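What follows is the residue order along each chain.
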Amino acid sequence: MPRFLINKGTPLRGRIRASGAKNSVLPIIAASLLTDGKSTIEEIPCLNDVRTMCELIECLGARVRLEEGQNRLIIDSGNITNTVAPYELVNKMRASFLVMGPLLARQGMAKISLPGGCAIGNRPVDLHLKGFAAMGADIVQGHGYIIAKTRGRLRGSRIYLDFPSVGATENILMAAVLAEGQTIIENAAIEPEIVDLTTFLTSMGADIKGAGTDTIRINGVKELKGVTHAVIPDRIEAGTFMVATAISGGDVIIENVVPDHLKPVSAKLREAGVEISEELTSIHVRAGKPLKAVDIKTHPYPGFPTDMQSQMAALLSVASGTSILIETVFDNRFMYISELKRMGAKIKVEGRSAVIEGTDKLMGATVRATDLRAGAALVLAGLVAEGTTEITDIEHIDRGYMNFDEKLRKLGADIVRVED
Ligand code: UD1
């Protein structure tokens, strides 16, 4: 299994370009099932999660060409022959569940394996199903699968989400664009990736108002056409490089970003003593002064992103003072902390809170990437830990970061990928 070996290095310096957003491209690939035309998606990050989503829609009958060199994906969904998303694919990547809305809308039926538990907690899909049921779908569960069927078209409905779930908002939005009449999603998620999906759907011919606010109104249309769309930059990848720069005391310009999408990350890094300056499409991070403790509470957008929680924990492990980190989005997103502690971090977890007492020295150790962002956090800790850090299970990191080690090496990090 591949591993990363990281030696404590010099501060990161240089320029790096963020890739297209993983969390935008996955629902957009699912949304391409809504048309029998051809969709061209640009600025694709060539990641394992993207390959898994492509494999899934191919198994449903779509024809897919991934042009890795061009970061472009061409999808022909003219002939959908299957409506079953099997366990092997849904288990590999929970975002596979996002094909349910498009399949129900276009084929009137979907059978999707129920996603299991995962390393960041219990992740139910009840809000997705509540939305489909409100739109007239009959939903049954059996043998580990959810089967949803509708007679005729789905019907527009008023749907209130008990929590502004990103996935449920996207799935219901995709179902609603071809439904009969108006759907209103209340307490909808307002993440930039929802807005990007809406831009794609609108250019296909969908009638959507209010994306990016907590009330989205969708007037169903009869059909959608294939279009070309470029996905937005990955705010979490960019944020991870911001924290990597900060922890290493470096000086890096991150290009291809929307600075507004990173406001909470910039604010917390500034509080920690890092200089951040923003241009139209880039962010300049200058660190070097001692890092200070800060308190962080994760929230849905525009709050501090849960996907940046573990990277900040790595940073706060070496900041002076005591920080409190509260996770409010997922119920068990601190599994990586025992790995960070093996590197010398002083952290106490109590329920959804972690109390981090900064130390001036982390030590290299063999640690395991327990999930995608946790893996990134361990890499960041490895940049400043004395000696060598070995990170195993890095396939989690490869799911979400395109050429992570290569990009870090370009900035001067001493990191190698060992395949054996
Ligand atoms: C998406 C992102 C993920 C990010 C998360 C929160 C993708 C592919 N993934 O995940 O990287 O960490 O948003 O920003 O875009 N919930 C329910 N019932 C549901 C759905 C969700 O209770 O039906 C709960 C979840 O258990 C969790 C919370 O809502 O506690 C947030 O989940 P959600 O916003 O749905 O996250 P995802 O869409 O799975």
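Quick note: structure is the one above.
Structural notes, computed from the coordinates. Given the structure is predicted, the values throughout are model-derived calculations rather than measurements.

## Some remarks on the packing of helix 8 (residues 235-248) against helix 12 (residues 372-384)
Each pair of packed helices can be described by the angle between their axes along with the distance between the axes.
Inference 1: Helix 12 packs onto helix 8 with a crossing angle of 20° between their chain directions and a minimal axis gap of 9 Å. Relative to helix 12, helix 8 is oriented roughly parallel. Of the two elements, helix 8 crosses helix 12, and the hand of that crossing is right-handed. Along the contact surface, helix 8 presents Ile236, Thr240, Val243, Ala244, Ile247 and Ser248, while helix 12 presents Arg373, Ala376, Leu380, Ala381, Leu383 and Val384.

## Brief notes about the site of the ligand
Inference 1: In the vicinity of the ligand lie 18 residues, with Asp126, Leu127, Ser165, Asp307 and Val329 positioned nearest.
Inference 2: Residue aspartate 307 places a side-chain N or O atom 2.6 Å away from an oxygen atom belonging to the ligand.
Inference 3: Between an oxygen atom of the ligand and a main-chain N or O atom of valine 329, the distance comes to 2.5 Å.
Inference 4: Burial of the ligand by the surrounding chains reaches 84%, relative to a free accessible area of 740 Å².
Inference 5: Among the secondary structure elements, those contributing two or more residues to the shell around the ligand are helix 5 (126-134) and helix 6 (166-176).
Inference 6: Per-element accounting of the shell around the ligand gives the leading share, three residues, to helix 5.
Inference 7: In terms of residue class, the shell around the ligand is built from eight nonpolar, six polar and four charged.

## Considering the sheet that holds strand 12 (residues 207-209)
Inference 1: Sheet architecture is open: four strands sit in the order 10-11-13-12, paired in mixed fashion. Two strands close off the open sheet at either side, each with one partner strand: strand 10 (158-160) and strand 12. The mean angle between the axes of side-by-side strands here comes to 15°, regardless of whether they run parallel or antiparallel.
Inference 2: For strand 11 (residues 182-186) and strand 13 (residues 215-219), the ladder comprises five bridges, and the chain directions are antiparallel. Bridging across to strand 13, isoleucine 185 finds its partner in isoleucine 216.

Rules and cut-offs
Residues numbered from 1 in each chain as written. Predicted model: local features only at pLDDT ≥ 70, side-chain atom pairs only at ≥ 80, totals over all residues. Heavy atoms only, no water. Axes fitted to C-alpha atoms, helices over the stretch in contact; angles between N-to-C directions. Helix = DSSP H or I, 4+ residues; strand = E, 2+ residues; numbered from the N terminus. Parallel < 35°, antiparallel > 145°, perpendicular 65-115°, else oblique. Left-handed = near helix turned anticlockwise from the far one by under 90°. Contact = heavy atoms within 4.5 Å. Near = heavy atom within 4 Å. Polar contact = N/O pair within 3.5 Å; in protein donor to acceptor, adjacent residues only side chain to side chain. Areas by Shrake-Rupley, 256 points an atom, 1.4 Å probe, with all protein chains shown as cover. Nonpolar A, V, L, I, M, F, W, Y, C, P; charged D, E, K, R; others polar. Pairing = 2+ DSSP bridges.

The quantities given are spatial measurements derived from coordinates; they are silent on function.
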